[in-house]
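Structural description and commentary
These are the residues of each chain, in order.
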Amino acid sequence: MTTENVSDGISDAGAPSSADALVLAGSRPGGDPMADSRGISVKALIPVAGKAMLAHVMETLLGHRAIGNVHMLAQDFAPFWTDDDTSGLESNPRVIARPSGATIATSLDKVLDQEDTRFPVLITTADNVLLSAPMIDDFLSAAEDTDIAIAVVEKQVLLHRYPASRRTWLKLRGGHYSGANLFYFGSPKARQILRYWAEVEQDRKKGWKILTIFGPWLLFLAVTRMLTVDQLAARVGKKLGLAIRIVPMAQAEACIDVDKDSDLEMVEQIIAARNEAASA
């Protein structure tokens, strides 16, 4: 994809947007092993199927009819403005660069508190390379009228398509779920969950960890699989005074991000298969 493709990706002419988007494109504390091994300054610029992973995500978001402005959150934007795949984003009026702070939670809170941030906000990550228009459509539709929505993929949905995939699973009554990097903040009220997010940010791969901050009884109900995914959302929502919905995605690819080399290989194979199907 050329720089012009990224910078000029516009939704259907005249179609009103229904959500802003926010892309987490920064670096982890101490650097990222995948980026370091390739001599690349930031993970979001690692090439995937011939172009920077961030370029894939931004093309999808900027080209979707429901997405308005796209906020990019990163510590340093110079690498993006000088990369051939993403340099056009700097001059795109729909792309807003937001400097990030010490943690994701505090950085998000600062962005969501800005006057020019319009709710609802769809939040995703630069390594969510397989993000697609159908995923956005389904998630925004399911998230409507909530304060917070969280996308997940049920284990059998993933393994039916990609049996070799390995994920971290939260085991609940009725299914095992893996997080997809799609979140929806429907109103400013949703910001209150960020203080809980901050407490467990370093343990984001341990699905049960976040439940400990909502009390031992909720944790007990979850780990003993006495709650369905909907009941879990309702319990947490009641405690916080928020309308929370956990959204099981129909697309197995929704939970496949690029965290390690084996993920990169799988994602490139999926993109190649998509391109082949599109040209058939």
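Nothing here was measured: the structure is a model prediction, and the numbers come from that model. (Residues numbered from 1 in each chain as written. Predicted model: local features only at pLDDT ≥ 70, side-chain atom pairs only at ≥ 80, totals over all residues. Heavy atoms only, no water.)

Regarding the environment of Arg-38
Turning to its location among the elements, Arg-38 is positioned in helix H2 (residues 33-38). Overall, the relative accessible area of 34% leaves Arg-38 in the partly exposed class. When residues no more than four places from it in sequence are discounted, the contact partners of Arg-38 are Ile-46, Asp-261 and Leu-264. A polar contact is formed between the side chain of Arg-38 and the backbone oxygen of Met-34, at a distance of 3.1 Å. (Helix = DSSP H or I, 4+ residues; strand = E, 2+ residues; numbered from the N terminus. Buried < 20%, exposed > 50% of the residue type's maximum accessible area, 1.4 Å probe, protein only. Contact = heavy atoms within 4.5 Å. Polar contact = N/O pair within 3.5 Å; in protein donor to acceptor, adjacent residues only side chain to side chain.)

Things to note about the nonpolar core
Counting 60 residues, the largest nonpolar core has Leu-54, Met-58, Leu-61, Met-72, Phe-80, Phe-139 and Met-249 as its most contacted members. Ranked by residues supplied to this core, first place goes to helix H3 (residues 53-62) with seven residues. Excluding anything up to four places from it in sequence, Leu-61 contacts Ala-21, Val-23, Ile-67, Val-70, Arg-94, Leu-122, Thr-124, Leu-131 and Ile-136. (Core = buried A, V, L, I, M, F, W, Y, C linked by side-chain atoms within 4.5 Å.)

Topic: helix H10 (residues 229-240)
Note that an α-helix has 3.6 residues per turn; residues three or four places apart therefore point the same way. Helix length check: H10 (twelve residues) gives 17 Å between terminal C-alpha atoms against 16 Å at 1.5 Å per residue, within 8%. Along H10, the positions that sit buried rather than exposed are Val-229, Leu-232, Ala-233, Val-236, Gly-237 and Leu-240. Projection of H10 onto a plane perpendicular to its axis shows the buried side chains occupying an angular sector of 125°, all on one side. Facing away from the buried side of H10 by more than 90 degrees, the exposed set consists of Asp-230, Lys-238 and Lys-239. Trailing H10 by a residue or two, Gly-241 shows a phi angle of about 70°, which is positive. (Expected span 1.5 Å × (residues − 1). Arc of directions from axis to C-beta.)

Topic: the pattern of salt bridges
Counted according to the given criterion, the structure contains 13 salt bridges. Measuring nitrogen to oxygen at the nearest pair gives 3.0 Å for the salt bridge that ties Lys-51 to Glu-59. Taken together, the salt bridges that share partners define one network made up of Lys-43, Asp-127 and Asp-259. (Salt bridge = Lys/Arg side-chain N within 4 Å of Asp/Glu carboxyl O.)

What to know about the side chain of Asp-127
Relative to the helices and strands, Asp-127 is located in the loop between strand E6 (121-125) and helix H6 (133-143). At 2.6 Å, the side chain of Asp-127 and the side chain of Thr-125 are in polar contact. Residue contacts for Asp-127: discarding those within four places in its chain leaves Lys-43, Met-53, Asn-181, Asp-257, Val-258 and Asp-259.

With respect to the environment of Asp-83
Examined against the element boundaries, Asp-83 turns out to sit in the loop between helix H4 (78-81) and strand E5 (95-99). Distance from Asp-83 to Leu-45, taken between C-alpha atoms, is 7.9 Å for residues 38 residues apart in sequence. Excluding residues within four positions of it along the chain, Asp-83 makes contact with Leu-45 and Ala-52.

Some words on the packing of aromatic side chains
In total, this model carries two aromatic pairs according to the counting rule given. Considering the side-chain rings of Phe-77 and Phe-80, the 6.3 Å spacing of their centres and the 55° angle between planes classify their relative orientation as tilted. A relative accessible area of 0% means that Phe-80 is categorised as buried. When the centroid spacing of 5.6 Å and the interplanar angle of 15° are considered together, the rings of Phe-77 and Trp-81 count as stacked. On the accessibility criterion, Phe-77 (10% relative accessible area) is buried. (Phe/Tyr/Trp six-rings, centres within 6.5 Å; stacked < 30°, edge-to-face > 60°.)

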